[in-house]
Every structure is written in C-alpha cells, then in structure tokens.
Amino acid sequence: MNRCESRKRRRSFSPDRGSPEPGVLQPRKSNYQEWDVEDVCRFLRMKGLGKFEQLFRDAQLSGDVLPMLTQRDLEKAGVSILGDRLKLIKCINTLWQNPIDAKVFNDPIHGHIEMHPLLVRIIDTPQFQRLRFIKQLGGVYFVYPGASHNRFEHSIGVAHLAGQLVKALCGRQPELQINHRDILCVQIAGLCHDLGHGPFSHLFDGKFIPLTRKDLKWKHEDASLAMFDHLIDTNGLEVVLLSYGLVLPEDVKFIKEQIQGRPTEGNGAGDGSEAWPYKGRTREKGFLYEIVANKRSGIDVDKWDYFARDCHHLGIRNNFDFERFLKFARVCEVEGMKRICTRDKEVGDLYNMFHTRNTLHRRAYQHRVGNIIGCMITEAMVLADPHIQISGAGGKIYTISTAIDDMEAYTKLTDNIFEQILYSSKPELWEARKILNNVLCRRLYKWIGQTQPAAEAMIEQEEFNELANQIAAVAPSTSLEVKLGPEDFIVNVVQMDYGMAEKDPINKVRFYCKNNPNRTIKIRKDQVSQLLPERFTEQLIQVYCKKSDDQSLQAARKQFVQWCINRDFTKPRDGDIVAPELTPLKPDWNNSDGDSDDSDPWDELQSQRQANSHRSLAKAFD
C-alpha cells in the first residue's frame, strides 16, 4: 500500500452510518461473525426490527450464520410475510455491504472508495501487487507522458464499479434475491480479472506470445484464472473466503467464470432454450455474468473504468457517463433470460460509450508511434527470450515465453523486463539492448504511410504475414535507387470497430420504457439518429521501414504507393507528395469529389457580382 491509499478508518457501529437509537444496547462485538444470539437480537432492536427477536432466539440464529440466511430460512423460522422477509434480508445485508473494518482508497477517478476487508486481503498479496509494475497502456506511455497508470489501480476501480452496479440492482429490485455472496463474488471477479496480464499489457499476449509460442492459443484471461488459483493457494485464502460466508468450490467457480467471460451465442448462452453452461450460478442469476465481462453487448464495468481512467491520464475527453447507467440499470426478462437493461432514453449515451472506445483506439491505443514502439519492444523481447532465466516452482528455470506455464515464475514477469534487458551485460543480449536503447533515444523505425482496404476486400488474418513480402515485391513504374526486402518493412493491420466486428453492439442491448419497466424493447439505429455510423468496422494498414536513410525511405514510400494502387486500397494521405508520378496512374484517386468544395471564396464572390451585373443589364434592356 502506498501513502495515497488510506488505511483502516474506524467508524460508528451502524453499517449505514446512522447513530444507534437512544437507550438501545449495541452488540458487544464489532465483528458480526462473533455475535451470539443475543448480539443479533440487539442488532435487530437497534434497526427497529425487535418484533422478530424471539423468532431469532428460537431458531438460534447467531452472527456466523447471518451471511447464509435466505428468504426460505426466514420463512422456516416463522417470518411468514414476504415484505418482512425482504426487510430483514436488506437489513442484514448492510453488515457486509458496508463492513466496519472496510478500508478507504483515495482514487483519482472515483474519489474515496471503500474496499471490503476480503478484497483488501486479496490486494495485499504478491500476485496482486505485481500489477503495480504493469503499465495499463503499454508502449502508449512513450507517446503520452501522462499514461503512467498501471493495472493495479484499474483493477481496484473495476472492483469498485462492479460493487456499485450489483448493489444498485440489489437495492432497486429485492426480488432478485442478490445476497452478500453474489456481491462479494462479483467484486472479487472485478478485482482479479486482469491478474494474467504480462509485460506491457496487451503487447504480451497480442504480439509477443504469438511470435514465440506459435502453436499456442493463449490469452491473458487464461493466465488470470491460473493466477487466481495460485493466489488463493499460496496465501492460504480458502479459510478467509469461508470466514466471510463464501461457499467453496461453488463461489470460486463463479468468480472464475466471470473472469473468463460469457460464452458467445451458440455455445449454450443464447436465447434461453439452450442448456445453462455455468456451475457458479443458476439461470435465475445469469445477469450477474454481464457485470464484469459482458460478451453479449460489451457494456461492462471493465470498460467504464478504463474509459474514465485512460481518458484522465491521456488528456482526452470522456463522453460516457457511467453514473447515469447505474441510475437506470434494471434486470428484465428477455427471451427466457434475465438480463441487465436500461431506459430507452439512454440509447444515445450508449452510442457515446462506443464512440469513446473508437476515439481512444484512434488517438491513443493505435497511435502510429505507439504501435511502432510496441513492435520494437516486442522485437527486443523475442531476441532476448532464450537468454532470460526466471525461476519457478521447484527451482525450475523458465524463459519469458514459457513463464506463462508456471504462475510462480509468471509472478516475477513485469514491465521490469525492459530494464533487465537494457542494463544487462550479457553479450547475447547486445542486439536486444540496442533496440531498446533506440526506443529511449527516439531512433524509431520510420513511418511510411497508412491506407485502407474497401469494406468488401478486408485482409484476412492468414494474409497478415505476407503483406511485407507483397510490398517488397512491388516494382513501381519509376526506377528505384535501392532494393528493399521484406525484412525492411513492418506492416501493422489494425481492426477498428465498436467491439463486435461489423455488428452494431446496441442491437444486443434491450431497453425498457418508463410506462412499463418490466417489458423490454429493441431500438434500431434509425430510431436514434440519422448521423450514426453506417458501418461499424474498418481496417487500417500502417507501414513502417526499418531503414532510415533518405534513399531507402524514398524507395519504400514509392513501393507502398504502388502496392496501394495494385491492391485498390485508398490513396495514402501524402501520396501526391511522396510519389507524385504514381498517383495519377490510378484514375479514381484523382476524381473530384462532388461533395467537396475546393473553390476560392474570392473567386466565388467575383463571379456572383458579375452574374448580378449581367442580370441588371438584362433588366435595363427589357
């Protein structure tokens, strides 16, 4: 914990911050799990529920069983009226929703947020503290100096927002029977969803692992599940989980299912008629799987936090207000499934959310300089991989790429690998050191240009590795002074979308109206605005050259422009400047756009005056 994280704060007993009624005895112990039956009865009297004291005495309900109490248990104990049962459950839930020994974190995005003591126990482990040393945006930090935030604070923010959303649903709809176990499990899933990220975040699983473990289909979510198990086992937290009322292994399965994300439709999570694929929670509580990682619509608290946090550190405006979503979120039944829905009037704000995502990708995540820095760091890590030794379980030695097979070794793998390579004296790391030093000194591979394929001619994944060969094989109509090979080019294909490829994610969202909050509707794009996107996906092709001399760069730019002509891609923005002799060869690159207006305003004014003069003369002769 650093000094920005406030530690334990003692508060008055009442979980809802209220003061005890005059003359009412408080429970003798602050920890409700240590209460005996009489302490529970004192708590009921303090909350104005003293009429149920005798029923609790007869059933011998002490503090340690309170977390497990359900409506059915209360009915068996003699609480016959549904409203009374709901009132008791809501009152008892305040004990763990606002625990006395919660700790307060001062977060720059969400302000002062409270963390349940169980979450604090997880935070105070080496496996979670490792996230302090993994940049949230990887190589983007070399472009945006403010983007120095880490996975650590993002994970805490997601846990906070997950708790906010599930508690809002619990308070708004008691009939959902959300209990303290559900709340804790959702918060823990939010806290631990990024445990598996490697050095420089998505650079590791998106670029490095595919190059070094080509036959392995691996994502950071896989490592998050393995790291969560490792965290629980090595820190002896099973007993702690049980002490806070969780049920094992059921609740651990539920947490891991949330981290992994909901299966896509067609895999048992479709219209409600298919077999329920989960073991952690039943279909009745299926909406809980949409909070941390919502694979159905992409609207989840993970995005809410990184939108707000990344925009704050990047200096980019965030147009999405997640607090409004919290106010209007409601669980409704949709085709036999209980799903989280929102008000119909919020549809515009949801489009703003996905527009914000697109803006962040264009301006930051896929920034052309950030991407080439990421490529250079990846190149250095690939060269250094066989020569870096990381000790794992039983003293076994792993490399950077094989550390993902052992969580003890993987715990030691962070962004620090950059400095480990940079300051190493090993002769076999000389080439990797040189690349990283070039990154620090801003001697980067040179930008050649960017183009786009037509919507119907997007490049398939299988062709990505052949693009550099294609550019190198191009022979422009003008002669080249140097010959460049495939190894001199780096081609980066960027997929830009709203999170669901070519689909509109809002089509997966259901809305309710003020007049009937229990009936859901679907809102089409044309019902919202005529100015929304017609298409929701496109490809950007970014090309770089490793050589930096003028002759090589001139040749690379001409080959790139000729390649764009051959492939019928869009004209590079500077195509007329870098290859003026080539761009006229493609007619549709030079057709004037009917919607454009390239005329001089002064010429227009003169023409208008001349036309008016002619009309005046014509009238004079009439």
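Residues numbered from 1 in each chain as written. Predicted model: local features only at pLDDT ≥ 70, side-chain atom pairs only at ≥ 80, totals over all residues. Heavy atoms only, no water.

Visitor: Help me out: how do you make sense of the side chain of T451 in this one?
Guide: Along the chain, the position of T451 falls in strand 7 (residues 446-451). Assessed through its relative accessible area of 1%, T451 is described here as buried. Polar contacts involving the side chain of T451 include one to the main-chain carbonyl oxygen of T570, which spans 2.7 Å. In contact with T451, other than residues within four places in its own chain, are Q539, L540, I541, F560, W563, C564, F569 and T570. (Helix = DSSP H or I, 4+ residues; strand = E, 2+ residues; numbered from the N terminus. Buried < 20%, exposed > 50% of the residue type's maximum accessible area, 1.4 Å probe, protein only. Polar contact = N/O pair within 3.5 Å; in protein donor to acceptor, adjacent residues only side chain to side chain. Contact = heavy atoms within 4.5 Å.)

Visitor: Honestly, the side chain of Q136 in this entry has me stumped. Any pointers?
Guide: By the element assignment, Q136 lies in the loop between helix 6 (126-129) and helix 7 (151-172). Judged by its relative accessible area of 5%, Q136 is buried. Beyond its immediate stretch of four places on either side in the chain, Q136 contacts H149, N150, R151, H154, S201, Y306 and D310.

Visitor: Explain the layout of surface pockets to me, please; I cannot follow it from the model alone.
Guide: Regions of empty space are outlined by a rolling probe, equal in size to a water molecule, passed over the atoms. In this structure, the second largest pocket spans a volume of roughly 680 Å³. Along its surface, the second largest pocket is lined by 31 residues, and I89, Q177, I178, N179 and K285 are the ones closest to its centre. Listed by contribution, the elements that provide at least two residues to the lining of the second largest pocket are helix 3 (71-77), helix 4 (82-97), helix 7 and helix 8 (180-192). The leading source of residues in the lining of the second largest pocket is helix 4, at eight residues. Broken down by class, the residue content of the lining of the second largest pocket amounts to eleven nonpolar, eleven polar and nine charged. (1 Å grid on protein atoms, 1.4 Å probe; cavity = no way out; pocket = protein on both sides within 12 Å on 5 of 7 lines; lining within 4 Å. Points joined across faces, edges and corners; volume = space filled by probe spheres on them. Nonpolar A, V, L, I, M, F, W, Y, C, P; charged D, E, K, R; others polar.)

Visitor: Whenever I open this one, the pattern of salt bridges confuses me. Can you help?
Guide: A pair can form between side chains of opposite charge whenever their charged atoms are brought close. This structure, assessed with the given rule, holds 31 salt bridges. Across the salt bridge formed by E53 and R57, the nearest N and O atoms sit 3.0 Å from each other. Residue E53 and its partner R57 are located together in helix 2 (residues 53-59), separated by four residues, close to a single helical turn. Residue D182 is joined to R281 by a salt bridge in which the shortest nitrogen-to-oxygen separation is 2.7 Å. With a gap of 99 residues between them, D182 in helix 8 and R281 in the loop between helix 12 (250-260) and helix 13 (301-314) connect regions that are remote in the sequence. Take D182 and R281: they sit in the same class, and that class is buried. A single salt-bridge network, built from bridges that share partners, covers R181, D182, E250, D251, R281 and K285. (Salt bridge = Lys/Arg side-chain N within 4 Å of Asp/Glu carboxyl O.)

Visitor: What's the story with the sheet that holds strand 7 in this structure? I'm lost.
Guide: Strands in a sheet are paired, the pairing made by backbone hydrogen bonds, and the direction either parallel or antiparallel. If you trace the three strands from one edge of the open sheet to the other, you get 7-11-8, paired in antiparallel fashion. Taken across any chain shown, the strands that pair with only one partner, and hence form the sheet edges, are strand 7 and strand 8 (489-497). Adjacent strand axes in the sheet meet at a mean angle of 20° when their direction is disregarded. Summarising the sheet, strand 7 and strand 11 (residues 537-545) pair through five bridges and their orientation is antiparallel. Pairing of K446 across the sheet is with C545, part of strand 11. Strand contacts of helix 16 (residues 368-384): strand 7, strand 8 and strand 11, with the helix running at about 60° to strand 11, the strand carrying the most contacts. Sitting on the sheet, helix 21 (residues 550-567) touches strand 7, strand 8 and strand 11, and the angle it makes with strand 7 is about 10°. (Pairing = 2+ DSSP bridges. Axes fitted to C-alpha atoms, helices over the stretch in contact; angles between N-to-C directions.)

Visitor: Quick question: what am I supposed to make of the packing of helix 9 (residues 202-212) against helix 16 here?
Guide: The geometry of helix 9 relative to helix 16 is characterised by a closest axis approach of 10 Å and an angle of 40° between their N-to-C directions. Judged by the inter-axis angle, helix 9 sits oblique to helix 16. In terms of crossing hand, the pair formed by helix 9 and helix 16 is right-handed. Judged by residue contacts, L203, F204, K207, F208, L211 and T212 of helix 9 engage N371, G374, C375, I377, T378, M381 and V382 from helix 16. (Parallel < 35°, antiparallel > 145°, perpendicular 65-115°, else oblique. Left-handed = near helix turned anticlockwise from the far one by under 90°.)

Visitor: I'm lost on unusual backbone geometry in this one. Help?
Guide: Glycine aside, residues mostly have negative phi angles, and peptide bonds mostly take the trans form. In this structure, the amide linkage connecting L248 to the following residue, P249, adopts the cis form with an omega of 0°. Position of P249 relative to the elements: it lies in the loop between helix 11 (238-243) and helix 12. A positive phi angle, close to 50°, is found at E335, a residue other than glycine. When you line up the elements, E335 lands in the loop between strand 3 (330-334) and strand 4 (337-343). A positive phi angle, near 65°, is found at R442, a position not held by glycine. With respect to the helices, strands and loops of the structure, R442 is situated in the loop between helix 19 (430-440) and strand 7. Exposure remark for R442: the relative accessible area of 43% places this residue in the partly exposed category.

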